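Read off the chains here:
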Amino acid sequence: MTSIKENILAIKKDLPENVKLIAVSKKQNNNKILEAYGEGHRRFGENYVQELVSKSQELPSDIEWHMIGHLQTNKVKYIAPFVSLIHSVDSFKLLKEINKQAGKNQKIINCLLQVHIAEEETKSGLSEKGLFELLNNPHLKELENIRILGLMGMSTFTDDQNIVSEEFNSLKGIFERAKQEFKDYNLEELSMGMSGDFKLAIEKGSTMVRVGSSIFGARS
Ligand SMILES: *Cc1c(COP(=O)(O)O)cnc(C)c1O
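Read on for a plain summary of the structure. (Residues numbered from 1 in each chain as written. Predicted model: local features only at pLDDT ≥ 70, side-chain atom pairs only at ≥ 80, totals over all residues. Heavy atoms only, no water.)

1. Observations concerning helix H5 (residues 92-104)
Selection criterion: Elements are defined by DSSP. Helices are runs of H or I of four residues or more, strands are runs of E of two residues or more, and each kind is numbered from the N terminus. The span expected for a helix works out to 1.5 Å for each residue beyond the first. Here the term buried applies to any residue with accessible area under 20% of the maximum for its type, exposed to any over 50%, and partly exposed to those in between, with areas from a 1.4 Å probe on protein chains only. Throughout, a contact is declared for two residues whenever any of their heavy atoms are within 4.5 Å.
For H5, built from 13 residues, the straight-helix expectation of 18 Å at 1.5 Å per residue is met to within 8% by its first-to-last C-alpha distance of 19 Å. Of the positions making up H5, those classed as buried are Phe92, Leu94, Leu95, Glu97, Ile98, Asn99, Gln101 and Ala102. Where H5 is buried, its residues meet helix H4 (76-79), strand S4 (85-89), strand S5 (109-116), helix H6 (128-136) and strand S6 (146-154). Two residues or fewer after H5 comes Gln106, characterised by a positive phi angle close to 50°.

Below, the structure written as structure tokens:
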């Protein structure tokens, strides 16, 4: 078995310069996170608010925490003080709440809009139409404490690389159309790719890969 250190180094070695690695540490213990931290890694992603809050309190303060899981409006307040980027924003209502909590903390919170590209109904995210409606919302510009950096998407859980490839192409297309139509927003980041498909995602234009099990091993 390879170590966390070896896994991180192997992934980073092949990562293009413009692609950031988010080490997904959900359901992994603090010692494992500290092992990656000891290697100089600072970007970690979590799915659950309570777990994210505890880890942020227990672990070094220079860690850059990414919220990648589904986020309920009433829980934004717990992560607002320290979160670096929220990948999973899927409604205007949630954006409004993030803006409000960011204001209370006198900061700007970076967000990605999650787009639904997978076949599974269970995966959350906006449709392309919903995304464009949100970006066209005249009240969006009033939210001065959020910054929309780009889009996030999750592919279907399948071994069929053709399906995944098509989904990544689809998201990249949506990303390019959104960039073109909403130049004011400077959309730059495309968060796509996980352990099983991050290399393909990078080929398809990803700028942020969210890799968990390939770094830390299976989750408990
Ligand atoms: C768990 C999770 C990941 C990482 O999954 P792995 O297959 O372990 O790399 C990435 N993105 C999201 C949104 C996740 O929930």
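2. Comments concerning helix H2 (residues 30-38)
Let me state the cut-off plainly: In this description, the arc belongs to the directions extending from the helix axis to the C-beta atoms. Polar contacts, as used here, are pairs of N or O atoms within 3.5 Å; protein pairs need one atom able to donate a hydrogen and one able to accept it. Residues neighboring in sequence count only if both atoms are side-chain atoms.
Where H2 is concerned, the buried positions are Ile33, Ala36 and Tyr37. For H2, the angular spread of buried residues about the axis comes to 105°, placing them on one side. Opposite the buried face of H2, by more than 90 degrees, sit the exposed residues Asn31 and Gly38. Summarising the contacts, the buried residues of H2 are in contact with helix H1 (4-13), strand S2 (43-46), helix H3 (49-58) and helix H9 (213-216). With a side-chain oxygen positioned 3.1 Å from the backbone nitrogen of Asn31, the residue opening H2 is Asn29. The positive-phi residue at the C-terminal boundary of H2 is Gly40, with phi of around 95°.

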